[in-house]
Amino acid sequence: MLTPVRARFLPVVVMVGLVLTACAPTQAQPSGGSQVAQPSSNLTGGTVKIGMAGYPDSLNPGNGLLTEAYTMYELVYDTPIAVTADGSYVPEVATDWSVADDGVTWTMTLRDDVVFHDGTPMTSEDVKFTLELYRDTEDFPYLPSYPDVFSKIEAPDPTHVVLTADSPIGNFEYRMAFMYILPKHIWEKVKDPVKFENDEMIGTGPFKLVKATQDESVELASNQDYWKGAPFVDGLAFQTIDNGDTRIAALDNGDVDMIINTPTTAVPALRNNPDLALVLADPLIADLRDLIINQIKPEDCPTNKGGKCTGHPALKDVNVRKALATAIDKNQLITVGKSGLATPGLTLVPPGLGDFYASEIPDYQFSVDAANKILDDAGYADTDGDGIRECLPSQDCKTGDLTFRFTYPDNIDSAPAEADALKGMWNAIGVDIQIQGLEEDTVTSICCPAFDYDIILWGWGSDPDPAFLLGVALCQEIPTGFSETGYCNKQYDDLYKAQGIEPDHTKRVEIVHQMQQILMDDVVYIIPYYAQLVEAHRVDTFTGWDDALAPLGLEDPGQLSILRPTSQQ
């Protein structure tokens, strides 16, 4: 499933940063609704060992922020509707769906042979309960935004769910594609779903949780009763290996069978190893690098949610943000950070989303002279001759000059080099940064809704619909922790609401383009690049990888389900 996660590396997919997928292919069929043939007993066996950069921040799907968490959700849970590698929506546990003539009443028909890992049959009551739980738990960071348009959800019989929206919607399938179905008989006893750790992770997916060791590993076993057919392998073992070189060494030594978050610097060596398969792909939904700029206004600071709002005052000035954007040589960053395996970024909506991508918007063209002029005209001068411009008299700058805290999660292998490159670019216009790499959970804690930072280098993986990423700039998301920048613009909010209820695709595209233009004009984010995905796996331990789908396919439950030991070939 192409997932909307912050690529912590997000998210996006996780992975689109993995990217996470729910293509659920059979041997050659990418389809979330297709059947996987039940393996014969002499073709099963083995545990696939996977090296990843981080560790799931939560086993509770409602709380998940990190890419690694969504990897587990995709393997352990099913959703009503799935997304294929080409962006098509296909049946998962919902066999079909339709909208009534009134345009607001949707009906899903569910399979009658789906069973939770504890042996309890799944029914429409579980789906209804799940949707309502995600919708009504405001402190869940991501998932409430999907079912929030449905004012009424009913389960008239065990295999049908009826959802009623207040207005027509043009993206019903998208709103169902990330609704990880939870067992009502367990979750209805939970007093506080936000604090529920969900240590057992009972779902209906192809794999079951065996053991999760914080910051070390996650072990999954194959679900022998899976409605699509049991996986060929016995299970999956995810190891947290935070250093990129160490991940490469583990793959090379055979300690793991595949790695995700593959450093691009390792591509030449991987290509020359006959025991390894290297897969490079321009993903359907791009893994984008972003620079998050703290621009929250004091009056918007969510102090009741732990907001500290310590951002540098000068970053609230759009002229400073425009100068930073103009001083960035994106091609240099692509070379430094991705060894050339990326394309220059533009907006939060990546090119993979087709006509939703506003390619007509002009970017801030790299020019040191133009960036210096923007700051000169705005009154920022280097009066003491130390090479760094001073703040304006009206700004209460603790440092006194344009020196910003610059933070990145330390599991991004290329982040140190990218940060150093940015420092050089911005020094050329009289701006400095103090660089620090932090553990990704720590970055989350200072980010949002704390707003206890100046600039963060991070990344997003996108949904197959633009609504998710565009939602990070809404005023209402500042106290939820979803907004990263603290940006608030009523005109933008009104457009977001309009696109969400616009059933005409052409008109919706126009609105989405207007929103991207506003974000560009106000420099809410700076998007240095959209990266290619790089994955690698061994060919001498397991076979069955469908590299035509990779790297999307490498994290797909269906793909992992059909692997088998090479020795059995």
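These numbers were taken from a predicted model, which means no experiment stands behind them.

**Student:** It is not clear to me how the overall build of the protein should be interpreted in this structure. Could you clarify?
**Tutor:** Helix and strand counts for the protein come out as 15 helices and 21 strands. Across the 569 residues in the protein, those meeting the buried criterion constitute 62%.

**Student:** Whenever I open this one, the pattern of salt bridges confuses me. Can you help?
**Tutor:** Once the charged atoms of two side chains with opposite charge are near each other, the side chains can pair. For the structure shown, the criterion picks out 20 salt bridges. The partner of Lys373 in a salt bridge is Asp377, and the shortest N-O contact between them spans 2.7 Å. Note that Lys373 and Asp377 are positioned in helix H9 (residues 368-378) at a spacing of four residues, about one turn of the helix. By relative accessible area, Asp377 is classed as exposed at 57%. Put simply, Lys490 and Asp494 hold a salt bridge, and the shortest N to O gap is 3.0 Å. Highlighted residues: Lys490 and Asp494, both in helix H13 (residues 490-500), separated by four residues, approximately one helical turn. A relative accessible area of 61% places Lys490 in the exposed class. Linked by salt bridges that have partners in common, Asp275, Arg538 and Asp540 make up one network.

**Student:** Mind showing me how you'd approach a negative patch on the surface here?
**Tutor:** Taken together, Asp215, Glu216, Asp242, Asp410, Glu439 and Asp441 make up a surface patch of like negative charges. Mapping Asp242 onto the fold places it in the loop between strand S10 (235-240) and helix H5 (244-253). Overall, Asp242 belongs to the exposed group, its relative accessible area being 52%.

**Student:** Whenever I open this one, the state of the cysteines confuses me. Can you help?
**Tutor:** Working definition of a disulfide: a covalent bond connecting the sulfur atoms of two cysteines. Summed over the entire model, instances satisfying the criterion amount to four disulfides. Paired by a disulfide, Cys301 and Cys309 hold their sulfur atoms 2.1 Å apart. An S-S torsion of about 100 degrees defines the bridge between Cys301 and Cys309 as right-handed. On the accessibility criterion, Cys301 (16% relative accessible area) is buried. Here Cys391 is linked by a disulfide to Cys397, with a sulfur-sulfur distance of 2.1 Å.

**Student:** Hey, could you run me through the pairing of strand S15 (residues 403-409) in this one?
**Tutor:** On a regular strand, each side chain points to the face opposite its neighbour's, so the side chains alternate between the two faces of the sheet. Of all seven residues that make up S15, six are buried, and the element is covered over most of its length. Of the pairings in the sheet, the one linking S15 to strand S16 (residues 432-438) comprises seven bridges and is parallel in character. Note that in S16 the partner of Phe406 across the bridge is Ile435. Since S15 and S16 lie parallel, the crossover through helix H10 (residues 415-427) that links them has a hand, and here it is right-handed. Two elements, S15 and strand S17 (residues 455-461), share two bridges in a ladder whose sense is parallel. Opposite Phe406, over in S17, you have Ile455 as the bridge partner.

**Student:** Can you walk me through the pairing of strand S4 (residues 94-99) in this structure?
**Tutor:** In this sheet, strand S5 (residues 105-110) lies alongside S4 in antiparallel orientation, the contact comprising five bridges. The residue of S5 that forms the bridge with Ala94 is Leu110. Hairpin connection between S4 and S5: a loop of five residues separates the two successive antiparallel strands, and Gly103 in this loop has a positive phi of roughly 80 degrees.

**Student:** What is the right way to read H9 from this model?
**Tutor:** Helical periodicity: at 3.6 residues per turn, an α-helix aligns residues three or four positions apart in one direction. Within the sequence span of H9, burial applies to Ala371, Asn372 and Leu375. When H9 is viewed along its axis, its buried side chains cluster within an angular range of 100 degrees and face the same direction. In this structure, H9 carries Asp369 and Asp377 as exposed residues pointing more than 90 degrees from its buried face. In the core, the buried residues of H9 are packed alongside helix H7 (318-326).

**Student:** Mind showing me how you'd approach the environment of Gly229 here?
**Tutor:** Along the chain, the position of Gly229 falls in the loop between strand S9 (217-222) and S10. Residues Gly229 and Pro206, spaced 23 residues apart in sequence, show a C-alpha to C-alpha distance of 8.2 Å.

**Student:** Would you explain the sheet that holds S5 in this entry?
**Tutor:** Sheet strands pair by backbone hydrogen bonding; their relative direction is either parallel or antiparallel. Spatially, the four strands line up as an open sheet ordered S4-S5-S7-S6, and their pairing is antiparallel. Where the open sheet ends on each side, the last strands, each with one partner, are S4 and strand S6 (150-157). Strand after strand, the sheet turns through a mean of 20 degrees between neighbouring axes, direction not considered. Packing of helix H2 (residues 124-136) onto the sheet brings it into contact with S5, S6 and strand S7 (160-165), and relative to S6 it is tilted by some 165 degrees.

**Student:** Please clarify how the side chain of Thr485 should be interpreted in this entry.
**Tutor:** On the secondary structure map, Thr485 appears in the loop between helix H12 (467-470) and H13. Look past the residues within four positions of Thr485 in its chain and what remains in contact with it is Ile292, Ile293, Asn294, Gln295, Ile296, Phe451, Tyr453, Val524 and Tyr525.

**Student:** So what exactly am I meant to see when it comes to the nonpolar core here?
**Tutor:** Within the largest apolar cluster, 148 residues are counted, with the highest numbers of intra-cluster contacts made by Phe150, Phe172, Leu220, Phe404, Trp426 and Trp460. Broken down by element, the residue count for this core peaks at seven residues, all from helix H14 (residues 505-521). Ignoring anything within four residues of it in the chain, the contact list for Phe172 reads Ile81, Trp97, Trp106, Met108, Phe150 and Leu163. Leu251, Ile259, Ala266 and Ala536 belong to the second-largest nonpolar core, a separate cluster that totals ten residues.

**Student:** When you look at the packing of H7 against H9 in this model, what are you seeing that I'm missing?
**Tutor:** Between two packed helices, both the angle of their axes relative to each other and the distance between the axes serve to describe the pair. Following both chains from N to C, one finds H7 and H9 inclined at 165 degrees, their axes separated by 8 Å at the closest point. Accordingly, the angle class assigned to the pair H7 and H9 is roughly antiparallel. For the crossing formed where H7 meets H9, the hand is left-handed. In this structure, H7 uses Asn319, Val320, Lys322, Ala323 and Thr326 to contact H9, whose residues at the interface are Ala370, Ala371, Ile374, Leu375 and Ala378. Class assignment of the residues belonging to the contact of H7 with H9 gives a composition of seven nonpolar, two polar and one charged.

**Student:** Even after reading the chapter, I still don't get the sheet that holds S9, so can you show me in this structure?
**Tutor:** An order of S8-S9-S10-S1-S11-S19-S12 is seen for the seven strands of this open sheet, with the pairing classed as mixed. Edge positions in the sheet fall to strand S8 (207-213) and strand S12 (276-281), since each has one partner strand and no second. Of the pairings in the sheet, the one linking strand S11 (residues 258-259) to strand S19 (residues 533-538) comprises two bridges and is antiparallel in character. Residue pairing across strands places Met258 opposite His537, the latter belonging to S19.

The rules we used
Residues numbered from 1 in each chain as written. Predicted model: local features only at pLDDT ≥ 70, side-chain atom pairs only at ≥ 80, totals over all residues. Heavy atoms only, no water. Helix = DSSP H or I, 4+ residues; strand = E, 2+ residues; numbered from the N terminus. Buried < 20%, exposed > 50% of the residue type's maximum accessible area, 1.4 Å probe, protein only. Salt bridge = Lys/Arg side-chain N within 4 Å of Asp/Glu carboxyl O. Patch = residues over 30% accessible without salt bridge, like charges linked within 9 Å, V, L, I, M, F, W, Y side chains within 5 Å. Areas by Shrake-Rupley, 256 points an atom, 1.4 Å probe, with all protein chains shown as cover. Lys, Arg positive; Asp, Glu negative; His and termini not counted. Charge placed at Lys NZ, Arg CZ, Asp CG, Glu CD. Disulfide = S-S within 2.5 Å. Pairing = 2+ DSSP bridges. Right-handed = clockwise from strand over helix to strand, strands pointing away. Arc of directions from axis to C-beta. Contact = heavy atoms within 4.5 Å. Axes fitted to C-alpha atoms, helices over the stretch in contact; angles between N-to-C directions. Core = buried A, V, L, I, M, F, W, Y, C linked by side-chain atoms within 4.5 Å. Parallel < 35°, antiparallel > 145°, perpendicular 65-115°, else oblique. Left-handed = near helix turned anticlockwise from the far one by under 90°. Nonpolar A, V, L, I, M, F, W, Y, C, P; charged D, E, K, R; others polar.

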